[in-house]
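Each chain is listed here by its residues.
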Amino acid sequence: MERTFAMIKPDATARGLSGRILSRIEEEGFEVLGMKIVHMSKAQAEGFYAVHRERPFFGDLTTFMSSGRTVVLALERTDAIRHWRDVMGATNPAEAAPGTIRAEFGESIERNSTHGSDAPDTAAFELGYWFPGAELPAAQ
Ligand code: UDP
Ligand code: MG
């Protein structure tokens, strides 16, 4: 079993898509170990996306991510990191494969409805960022 960090972004919560995305997560065999609604501050968004701080889209991205509610999720499944990336689809919804969440719901490369960790080290950082201390059950 593996854990990953996922988020339903403000563009999706604003359009009332959280339930449909959560249904898809459960249909895909993920167990939801942690879930909460967060309206993050700009500073929290900057900390979460610190790896991207030199990128040209960093300012717009952190303004968007702090513009409304998100759902932050700790998910568990076999091959969780790769599988959630596959279910989300490509970063740019215009390039995402049919049937992926970003193809179905994403509005633009920025407003692409969901986030997912891309590797074990980023999953560990992101899970700890939003679920600090002992909020999640201990790994089996
Ligand atoms: N993003 C953007 N413009 C870009 C690339 C990325 O606004 O040219 C945003 C988009 O919301 C993306 C996030 O920044 O999901 C993080 O980018 P990353 O390359 O890590 O994509 P992801 O891992 O989310 O697919
Ligand atoms: Mg990424």
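Sequence order as written defines residue numbering, which begins from 1 separately in each chain. Written order determines the labels here, with chains lettered from A and ligands numbered from 1. The predicted nature of this model means local features are confined to residues of pLDDT at least 70 and side-chain atom pairs, given and counted, to a pLDDT of 80 or more, with totals for whole chains, interfaces and linings taken over all residues. Where side-chain values are given, they derive from all heavy atoms of the structure, hydrogens and water being excluded.

**Student:** Please clarify how the pattern of salt bridges should be interpreted in this entry.
**Tutor:** Pairing between side chains becomes possible if they bear opposite charge and their charged atoms approach one another. Just to be clear on terms, a salt bridge is a Lys or Arg side-chain nitrogen sitting within 4 Å of an Asp or Glu carboxyl oxygen. Going through the model one piece at a time under the given rule, you end up with 8 salt bridges. Taking the shortest distance from any N to any O, the salt bridge between Asp-11 and Arg-15 comes out at 2.6 Å. Note on exposure labels: buried denotes an accessible area under 20% of the residue type's maximum, exposed denotes more than 50%, and partly exposed covers the range between, all computed with a 1.4 Å probe on protein chains only. Look at Asp-11 and you get buried, because its relative accessible area is 1%. The residue Glu-107 makes a salt bridge to Arg-111 at a minimum N-O spacing of 2.9 Å. Overall, the relative accessible area of 43% leaves Glu-107 in the partly exposed class.

**Student:** Explain the site of ligand 1 here, please?
**Tutor:** One heavy atom within 4 Å of a molecule or strand is enough for the residue carrying it to be called near that molecule or strand. Neighbouring residues of ligand 1: Lys-9, His-52, Phe-57, Leu-61, Arg-85, Thr-91, Arg-102, Ile-109, Glu-110 and Asn-112. Nitrogen and oxygen atoms within 3.5 Å of one another constitute a polar contact, given that in protein one can donate a hydrogen and the other can accept it, and given that sequence-neighbouring residues count only through two side-chain atoms. At 3.0 Å, a side-chain N or O of Arg-102 approaches an oxygen atom of ligand 1. In this structure, an oxygen atom belonging to ligand 1 sits 2.9 Å away from a main-chain N or O atom of Glu-110. All accessibility values rest on the Shrake-Rupley procedure with a 1.4 Å probe; residue burial counts only the protein chains present in the view. For ligand 1, the accessible surface in isolation is 500 Å², of which the surrounding protein chains cover 82%. Three classes are used: nonpolar for Ala, Val, Leu, Ile, Met, Phe, Trp, Tyr, Cys and Pro, charged for Asp, Glu, Lys and Arg, and polar for all others, with Gly counted as polar. For the shell around ligand 1, the per-class residue count stands at 3 nonpolar, 3 polar and 4 charged.

**Student:** I'm lost on the side chain of Ser-117 in this one. Help?
**Tutor:** Among the secondary structure elements, Ser-117 is positioned in the loop between strand 4 (114-116) and helix 7 (120-130). At 2.7 Å, the side chain of Ser-117 and the side chain of Glu-126 are in polar contact. Should any heavy atoms of two residues lie within 4.5 Å, those residues are counted as being in contact. Excluding residues within four positions of it along the chain, Ser-117 makes contact with Thr-4, Phe-5, Ile-81, Arg-85, Thr-122, Ala-123 and Glu-126. In this text, helices come from DSSP runs of H or I with a minimum length of four residues, and strands from runs of E with a minimum of two, each type numbered from the N-terminal end.

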